[in-house]
Amino acid sequence: DTGVSQDPRHKITKRGQNVTFRCDPISEHNRLYWYRQTLGQGPEFLTYFQNEAQLEKSRLLSDRFSAERPKGSFSTLEIQRTEQGDSAMYLCASSLGLTENTEAFFGQGTRLTVV
Amino acid sequence: GQQLNQSPQSMFIQEGEDVSMNCTSSSIFNTWLWYKQDPGEGPVLLIALYKAGELTSNGRLTAQFGITRKDSFLNISASIPSDVGIYFCAGPNSGNTPLVFGKGTRLSVIA
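Residues numbered from 1 in each chain as written. Chains lettered and ligands numbered in written order. Predicted model: local features only at pLDDT ≥ 70, side-chain atom pairs only at ≥ 80, totals over all residues. Heavy atoms only, no water.

Q: Can you walk me through the side chain of Gln 37 of chain A in this structure?
A: Checked against the element boundaries, Gln 37 of chain A lands in strand E4 (residues 31-37). A polar contact is formed between the side chain of Gln 37 of chain A and the backbone oxygen of Gln 41 of chain A, at a distance of 3.0 Å. A polar contact is formed between the side chain of Gln 37 of chain A and the side chain of Gln 37 of chain B, at a distance of 2.8 Å. If we skip the residues at most four places from it in the chain, Gln 37 of chain A touches Gly 42, Pro 43, Ala 88, Met 89 and Leu 91 of chain A together with Gln 37 and Phe 88 of chain B. (Helix = DSSP H or I, 4+ residues; strand = E, 2+ residues; numbered from the N terminus. Polar contact = N/O pair within 3.5 Å; in protein donor to acceptor, adjacent residues only side chain to side chain. Contact = heavy atoms within 4.5 Å.)

Written out as structure tokens, the structure is:
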């Protein structure tokens, strides 16, 4: 399967714990995006990378969130000291990063539940 | 930032009926994308539109890029039970920036 892959699919954690999610993009895509989605809402942009460079961070991304893409391939999203409000679906997407083709392809998501 | 408004928020239709939903913005978009999301899954890209006035089909789905560049429509013909899900419109704020999404239209199909 050459689509976007996310791991884990589900994560239940206690409040205050740290969690880390992984995303493997489509191999020829140089852009990688992280989104968060809560019930009844569309995906909300968190941050994105062009190769290994993190180009933009949303104000939704508090200091407890950090994302990396060290070699321009897979990416990790870490949430420190989780809070119940962090419970959501975390989606990763990738794209070619071309102005003439902005199509982004999503993984299956990681559903985080903070108890 | 720019917001995308989708309507209706939800709809219930009989199997076999045609469906129409739309997406509007207060600002011009140069690209419109339509996605479908099943419960517990990530959004799946259905159709991409890059030119004002463009009409593009994907099987029973047809989408149009509005002439004003501020709206787009998605039509589904002869709906079937597997069409159930949430349909999102999306587009880049400007140029090649990350996509912004509407809140979705939830479609239910009654067999």
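Q: It is not clear to me how the state of the cysteines should be interpreted in this structure. Could you clarify?
A: By definition, a disulfide links two cysteine residues through a covalent bond between their sulfur atoms. As enumerated under the stated definition, the model contains 2 disulfides over all chains in all. Shown here is the disulfide that connects Cys 23 of chain A with Cys 92 of chain A, its sulfur atoms set 1.8 Å apart. Between Cys 23 of chain A and Cys 92 of chain A, the S-S dihedral sits near -70°, and the bridge is therefore left-handed. Placement of Cys 23 of chain A in strand E3 (residues 19-24) and of Cys 92 of chain A in strand E9 (residues 88-95) is noted, with a sequence separation of 69 residues between them. Just as Cys 23 of chain A is buried, Cys 92 of chain A falls in that class too. There is a disulfide in this structure between Cys 23 of chain B and Cys 89 of chain B, and the S-S distance comes to 1.9 Å. Its S-S torsion of approximately 55° makes the covalent link between Cys 23 of chain B and Cys 89 of chain B right-handed. (Disulfide = S-S within 2.5 Å. Buried < 20%, exposed > 50% of the residue type's maximum accessible area, 1.4 Å probe, protein only.)

Q: What is the right way to read the sheet that holds strand E1 (residues 4-7) of chain B from this model?
A: Residue and element names in this part refer to chain B. Strand order in this open sheet of 5 strands is E1-E3-E8-E7-E6, and the pairing throughout is antiparallel. The two strands at the open ends of the sheet, each matched to only one other strand, are E1 and strand E6 (55-58). Adjacent strand axes in the sheet meet at a mean angle of 15° when their direction is disregarded. Bridge count between strand E3 (residues 19-25) and strand E8 (residues 71-76): 6 bridges; the pairing is antiparallel. If you follow Val 19 over to E8, its bridge partner there is Ile 76. (Pairing = 2+ DSSP bridges. Axes fitted to C-alpha atoms, helices over the stretch in contact; angles between N-to-C directions.)

Q: How should I be thinking about the environment of Tyr 35 of chain A in this particular structure?
A: Secondary-structure assignment places Tyr 35 of chain A in strand E4. Non-local contacts of Tyr 35 of chain A, meaning those with residues more than four positions away in its chain, are made with Pro 43, Glu 44, Phe 45, Leu 46, Met 89, Tyr 90, Leu 91 and Phe 106 of chain A together with Pro 98, Leu 99 and Phe 101 of chain B. Among the polar contacts made by the side chain of Tyr 35 of chain A, one reaches the main-chain carbonyl oxygen of Leu 99 of chain B at a distance of 2.8 Å.

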